[in-house]
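These are the residues of each chain, in order.
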Amino acid sequence: MANDDLGRTLRRLRRLASLTQEELADRSDVSVDVIRQLEQGRKHSARLPTLHALANGLGVELTTLLGDPPAVSSGENDGPRFVAMRRAVMPVLWGPEPAPPTADFSLGRLHEQIADGWTQYHSAEFDTVMKALPDLISDAGTATASVDEGDRKAGFAVLAKALQLAGHVAVRMGKTDLALTSLERAIGAAGQSGDPLLVPMIVNSVAWTYQRQGRLDDALSIALRAAADIAHMGRTDTADGLKVWGALTMSAATSAARSGDYERAAAMMETAEKEAARVSKLPEAGDNRMVSVFSPSSVRIERVRLAVQYAHPQDALDLAKGMRLSKDTPPSWRTWLLLDVARAHTDTGDAPGAVKTLESLRRVAPTWMQHHTLAVAIVRDLWSLPNHPPGLASLTEFLGVRA
């Protein structure tokens, strides 16, 4: 991968982890000389195995080191669209309270718009979602001022989901502090909604954000606590409750793996996969677009990801072989699966297999593929090989990475 910001990102993440260059070298099994050259800008690129080892040593996702897609400025002077979203998440002090909804206001229509926003998010239509979010959050605030108690609670529910969506978009933009502000407001709204699953659902988003910040112990502890609370209250006897529990369990497994406890993570994922088989047999109460993603397909996708990240590429290929994804698997999850399978093929020396997988990704999720820095990194590694498999040149042109 070639990236002018790689050295600066590496240095920042290393300092956040309170590691010296020598300590990172020891943790990652990457020579201290390579780390110094990257941080000093004397070396501008590294192969995927090296980047992967450095990410593991830092306790972060590989995409955190590569630069999370889509790339935008991380400064305070953002464009008007992002400023509007920031204002919606953090209203001006002493601003007016929301006015009650008018006669033409439709709570059902607002619910549908927010659900569509989640679908667009999973399809990497980030600009579309960001443009809609300020109005969605404002309209949801209006719903919370309803004089009818039932409508007021439903208003807090849609406000929680709109703020949760804003938190996810902020994470994708690299604004994790704004994401946490939005998610904390979402939890406050969820607490007034009367829906017992909304708070733990948003807690899972907080855990994901903590992971992005390298706060792995915090992410692990809150995910485990929320999952235990759901089980203790008997909420796993419905499909929606089991999905929230399962998503939290997978999140905890990811944090455990990134903390170096791969065996504990694998055990959690095996438990989650067994429980996921029950989802289709249980009654559903909510809109699938507004509930945590958890199914046999999503668990297997996450198991493939962990196997690749922790240097078990053949295990990843074995887990992925013959997978049949459920129809409700979001494009973002399909993207991760195909990227991880491509990485596994690359790690095992099967360049044609990697190219074939990336061609599949281009067909099913071209927008996600173009956003993903990991796709670029894989293609760059393949392009550096002496023999280029058929189809590779077309992929490099599609991603704009060919030198």
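Residues numbered from 1 in each chain as written. Predicted model: local features only at pLDDT ≥ 70, side-chain atom pairs only at ≥ 80, totals over all residues. Heavy atoms only, no water.

**Digging into the layout of surface pockets**
A probe as big as a water molecule, rolled over the atoms, marks out the empty space that is left. What counts here: Definitions used throughout: a 1 Å grid over protein atoms alone; a cavity as a set of points that fits a 1.4 Å probe which cannot get out; a pocket as an open set with protein on both sides within 12 Å along at least five of seven lines; a lining residue as one with an atom within 4 Å of a point. Grid points are joined across faces, edges and corners, and a volume is the space filled by probe spheres set on the points. Helix and strand labels come from DSSP, where a helix needs a run of H or I of at least four residues and a strand needs a run of E of at least two; each type is numbered from the N terminus. Gly falls in the polar group here, along with every residue not listed as nonpolar (Ala, Val, Leu, Ile, Met, Phe, Trp, Tyr, Cys, Pro) or charged (Asp, Glu, Lys, Arg).
Of the volumes computed, that of the second largest pocket is approximately 930 Å³. Lining the second largest pocket we find 40 residues, and of these His 122, His 168, Ser 292, Val 293 and Trp 333 sit closest to its centre. Of all the secondary structure elements, the ones that give two or more residues to the lining of the second largest pocket are helix 7 (107-122), helix 9 (149-172), helix 11 (198-212), helix 13 (239-258), helix 15 (296-309) and helix 17 (331-347). Classifying every residue of the lining of the second largest pocket gives 14 nonpolar, 16 polar and 10 charged.

**Section: the pattern of salt bridges**
Threshold: Should a side-chain nitrogen of Lys or Arg be within 4 Å of a carboxyl oxygen of Asp or Glu, the pair is scored as a salt bridge. Buried, partly exposed and exposed residues are distinguished by accessible area as a fraction of the type maximum, computed with a 1.4 Å probe on protein chains only: under 20%, between the cut-offs, and over 50%, respectively.
One pass over the full model with this rule turns up 10 salt bridges. As a salt-bridge pair, Arg 215 and Asp 218 come within 3.0 Å of each other at their nearest N and O atoms. A relative accessible area of 33% places Asp 218 in the partly exposed class. We note a salt bridge from Arg 343 to Asp 340, for which the minimum N-O separation is 3.4 Å. Of this pair, Arg 343 and Asp 340 both sit in helix 17, 3 residues apart, which is roughly one turn of the helix. What makes Asp 340 buried here is its relative accessible area of 0%.

**A short note on the confidence of the model for the protein**
Short version of the rule: On a range of 0 to 100, pLDDT expresses the predictor's confidence in each residue. Any pair of residues with heavy atoms lying within 4.5 Å of one another is described as a contacting pair.
Per-residue confidence for the protein gives a mean pLDDT of 88, with 96% of residues at or over 70. In the predicted structure, residues 69-77 sits below a pLDDT of 50 and forms 14 contacts with residues beyond four places in sequence or in another chain.

**Details of the packing of helix 1 (residues 6-16) against helix 3 (residues 32-39)**
Here is the rule we go by: Think of each axis as a best-fit line through the C-alpha atoms, taken over the contacting stretch in the case of a helix, with angles from 0 to 180 degrees between the N-to-C directions.
Packing of helix 1 against helix 3 brings their axes to within 7 Å, and their N-to-C directions diverge by 115 degrees. For the pair formed by helix 1 and helix 3, the contact residues are Leu 6, Gly 7, Leu 10, Arg 11 and Arg 14 on the first element and Ile 35, Leu 38 and Glu 39 on the second. Residue classes in the contact of helix 1 with helix 3 are distributed as 4 nonpolar, 1 polar and 3 charged.

**Focus: unusual backbone geometry**
A positive phi angle, near 60 degrees, is found at Asp 29, a position not held by glycine. Among the secondary structure elements, Asp 29 is positioned in the loop between helix 2 (21-28) and helix 3. For Trp 94, which is not glycine, the phi torsion reads 60 degrees and is therefore positive. Tracing the sequence through the fold places Trp 94 in the loop between helix 6 (80-89) and helix 7.

**Points about the side chain of Ser 182**
In this structure, Ser 182 sits in helix 10 (residues 176-191). Dropping the residues within four chain positions of it, Ser 182 is found in contact with Val 89, Leu 163, Ala 166 and Gly 167.

**Quick word on the packing of aromatic side chains**
Heads up, the rule is: Put simply, two rings from Phe, Tyr or Trp (the six-membered ring, in Trp's case) pair if the centres are within 6.5 Å, and we call them stacked under 30 degrees between planes, edge-to-face over 60, tilted for the rest.
A complete count under the given rule lists 4 aromatic pairs for this structure. Consider the rings of Phe 126 and Trp 368, whose centres lie 5.5 Å apart with planes at 90 degrees: the pair is edge-to-face. With Phe 126 in helix 8 (residues 126-143) and Trp 368 in helix 19 (residues 366-371), the pair connects residues that are 242 residues apart, well separated along the chain. Judged by relative accessible area, Phe 126 falls into the buried class, the value being 2%. Taking the relative accessible area as the measure of exposure, Trp 368 reaches 2% and is therefore buried. Ring plane angle 85 degrees and centroid distance 6.5 Å describe the contact between Trp 245 and Phe 294, whose orientation is recorded as edge-to-face. Of this pair, Trp 245 sits in helix 13 while Phe 294 sits in the loop between helix 14 (262-276) and helix 15, and the two are 49 residues apart along the sequence. Of the residues examined, Trp 245 reaches a relative accessible area of 13% and is grouped as buried. Taken together through their ring pairs, the aromatic side chains of Trp 118, Tyr 121, Phe 126 and Trp 368 make up a single cluster.

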